[in-house]
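Chain residues, written in single-letter form:
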Amino acid sequence: MNIQKTAMITVCGRPNVGKSSLTNTLVGEKVAIVSNKAQTTRNRIYGVVNREDTQFILLDTPGLHRPKSALGDYMVKVVTASLSDVDCALLLVEPIPHVGGPEKALIARIQEEKIPCMLCINKIDTVEPAALLPVIAAYHEVWDGFDAIIPISARTGGGLEELMAELRKYAQEGPQLFPDGQTSDQPERAVCGELLREKLLLCLDKEIPHGTAVEITKFSERDSGVVDVDAVIYCEKTSHKGIIIGRQGTMLKKISTMARKDMEKFMGTQIYLETWVKVKENWRDNLNYVRSFGYRED
């Protein structure tokens, strides 16, 4: 593939609008974890898409929300920093005819940075086409400076070819930034840690999964090709530890089995996964803990 242009695009929006799903669909594989819980994405993740002569780098960001912890503060800073030095912002919204606080804050930040912005209305498979008109009108009333308004469905793929054609307009002449075959900037051990955290979000209720962090303490390949992964799951309360482990270890076994299967799919080889659960009380409010788990602004 002869890449001659690149386009850096920030995908932003409130929690749960489908930013990671859209990134994964365009990349063609899972580079960002997905759940139906808010604040699933904590770090900025690059998804790489090569089309014809252009390399698109999609910056998947956490959902913009009102922070309630040191971790929340970090996530908000990631979003706002991701709107600097990019070729285009893609504001992803749901088909609701109301512009909320997070959307208004993002539009203000985009105006401040003076970057082109496309409005992308996701989940169009859930509404009738006529329902999109009041959505478009509501956003147009707040800001009439969108370069384009494109309805899509990250789930079904509807509108994505039109989206990519529109994004191509922002490509700049320049060298290929990521080699062929690389779909993300995340190291393999980081992706495996995120896959385990995704299963915690899928299997656990209420506040518990939001208070978890995963640390990969061992990531090594045997001569046979099997990869040994040791992971520590941190939670905030002793009672949460009991729930994560479950009766006779059943919940931890379920979470670990699901994560291992996804890790094997991602790595393309057999994984030997061992998991432990430890308590670090209120780690989300401790900046040192937040940083030690890899949530850094650098």
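Right, let's walk through the structure included here. Positions within a chain are numbered from 1, following the residues in the order the chain's sequence is written. Since the coordinates come from a predicted model, pLDDT governs what is reported: local features require at least 70, and pairs of side-chain atoms require 80 or more to be given and counted, while whole-chain, interface and lining totals use all residues. To obtain the side-chain values, all non-hydrogen atoms of the structure were included, while hydrogens and water were left out.

Turning to the overall build of the protein chain, a few remarks are in order. Summing up its helical and strand segments, the protein chain has nine helices and 10 strands in all. On the principal axes, the C-alpha backbone points of the protein chain span a range of 55 × 45 × 35 Å. By definition, residues are in contact when any of their heavy atoms lie within 4.5 Å. Residue pairs at least 24 apart in sequence account for 72% of intrachain contacts in the protein chain once pairs closer than 6 positions are excluded. The Shrake-Rupley method, run with a 1.4 Å probe, gives the accessible areas here. Residue values count only the displayed protein chains as cover. Working note: accessible area of the protein chain is about 14,300 Å², and carbon and sulfur atoms make up 48% of it. Both charge centroids of the protein chain, one from 37 positive and one from 40 negative side chains, sit 8 Å from each other. For the purposes of this entry, the term helix denotes a DSSP run of H or I that reaches at least four residues, the term strand denotes a run of E that reaches at least two, and both are numbered from the N terminus. None of His or the chain ends enter the tally, which takes Lys and Arg as positive and Asp and Glu as negative. By convention, charge coordinates are those of NZ in Lys, CZ in Arg, CG in Asp, or CD in Glu.

A pair of aromatic rings is counted whenever rings of Phe, Tyr or Trp (Trp by its six-membered ring) have centres within 6.5 Å, and the orientation is called stacked for planes under 30 degrees apart, edge-to-face for over 60 and tilted otherwise. Tallied over the full model, the rule gives four aromatic pairs. Both rings, one in W283 and one in F293, keep their centres 5.1 Å apart while their planes meet at 90°; by these two values the pair is edge-to-face. Pair noted here: W283 is in the loop between strand 10 (271–279) and helix 9 (287–292) and F293 is in the segment after helix 9, with a separation of 10 residues, a long-range link. Exposure class is identical for W283 and F293. Each is buried. Working rule: Lys NZ or Arg CZ, within 6 Å of ring centre, within 35 degrees of ring normal, means a charge sits over the ring. In this structure, R222 packs its charged tip against the face of Y272, placed 5.6 Å from the ring centre. Think of it in three bands: with a 1.4 Å probe and only protein chains considered, a residue is buried below 20% of the maximum accessible area for its type, exposed above 50%, and partly exposed in between.

Time to look at the sheet that holds strand 8 (residues 213–221). Working definition: the strands of a sheet are paired by backbone hydrogen bonds and lie parallel or antiparallel to each other. The strand order across the open sheet built from three strands is 8-9-10, with neighbouring strands paired in mixed fashion. Whereas interior strands pair on both sides, the edge strands pair on one side only; in this sheet they are strand 8 and strand 10. Averaged over all pairs of adjacent strands, the angle between strand axes in this sheet comes to 15°, irrespective of strand direction. Helix 7 (residues 238–245) contacts strand 9 (227–235) and strand 10 of the sheet and is inclined by roughly 155° relative to strand 10. Pairing between strands requires that DSSP locate at least two bridges from one strand to the other. Interaxial angle, 0 to 180 degrees, is taken between N-to-C directions of lines fitted to C-alpha atoms, where a helix line uses only the stretch in contact.

With that settled, the discussion passes to the packing of helix 1 (residues 19–27) against helix 5 (residues 160–167). Two elements in contact, helix 1 and helix 5, have axes whose closest approach is 12 Å; the angle formed by their N-to-C orientations is 85°. With respect to each other, helix 1 and helix 5 are oriented roughly perpendicular. Facing L22, T25 and L26 of helix 1, the residues of helix 5 in contact are L160, L163 and M164. Residue composition of the contact of helix 1 with helix 5, grouped by class: five nonpolar, one polar and no charged. For classification purposes, angles smaller than 35 degrees are called roughly parallel, those larger than 145 roughly antiparallel, those between 65 and 115 roughly perpendicular, and all remaining angles oblique. In this count, Pro and Cys sit with the nonpolar residues alongside Ala, Val, Leu, Ile, Met, Phe, Trp and Tyr, while Asp, Glu, Lys and Arg are called charged and the others, Gly among them, polar.

Next up on the list: helix 6 (residues 188–203). Under the convention used throughout, the expected extent of a helix is 1.5 Å for every residue step, that is, one less than its residue count. Between its first and last C-alpha atoms helix 6 spans 23 Å; for 16 residues at 1.5 Å apiece the expected length is 22 Å, and the two agree. For helix 6, the buried fraction is high: 12 of the 16 residues fall into the buried class. Where helix 6 is concerned, the buried positions are V191, C192, G193, E194, L195, L196, R197, E198, K199, L200, L201 and C203. Of the surrounding elements, those touching the buried residues of helix 6 are strand 8, strand 9, helix 7, helix 8 (250–267) and strand 10.

Most often, soluble globular proteins keep nonpolar side chains buried together rather than apart. Membership of the largest hydrophobic core comes to 29 residues, with the highest contact counts inside it found for L91, I110, Y139 and F146. Among the secondary structure elements, those contributing two or more residues to this core are strand 1 (5–12), strand 2 (45–51), strand 3 (54–60), helix 2 (70–81), strand 4 (88–93), helix 3 (101–113), strand 5 (117–121) and helix 4 (132–142). In terms of residue count, helix 4 provides more of this core than any other element does, four residues in total. If we skip the residues at most four places from it in the chain, I110 touches C12, L83, A89, I115, C117 and W143. Residues belong to a common nonpolar core when they are buried Ala, Val, Leu, Ile, Met, Phe, Trp, Tyr or Cys residues joined through side-chain atoms within 4.5 Å.

A separate point is the pattern of salt bridges. Salt bridges are identified by distance alone: a Lys or Arg side-chain nitrogen within 4 Å of an Asp or Glu carboxyl oxygen. Counted by the stated rule, this structure contains 17 salt bridges. Put simply, D262 and K30 hold a salt bridge, and the shortest N to O gap is 3.4 Å. Taken together, the residues span a long stretch of sequence, with D262 in helix 8 and K30 in the loop between helix 1 and strand 2 at a distance of 232 residues. Take K30: its relative accessible area is 31%, and that puts it in the partly exposed class. Across the salt bridge formed by E112 and R109, the nearest N and O atoms sit 3.1 Å from each other. With E112 and R109 both in helix 3 and three residues apart, this pair spans about one turn of that helix. What makes E112 exposed here is its relative accessible area of 57%. The class for R109 is buried, based on a relative accessible area of 16%.

Here we come to the side chain of T183. Tracing the backbone shows T183 in the loop between strand 7 (172–173) and helix 6. Among the residues examined, T183 registers a relative accessible area of 18% and is labelled buried. Contacts described as polar in this section are N or O atom pairs within 3.5 Å, which, within protein, must combine one atom able to donate a hydrogen with one able to accept it, while residues neighboring in sequence count only if both atoms come from side chains. One polar contact links T183 to E29, side chain to side chain, over a distance of 3.2 Å. When near neighbours in sequence (up to four residues on either side) are disregarded, T183 contacts V27, E29, V31, Y46, G47 and V48.

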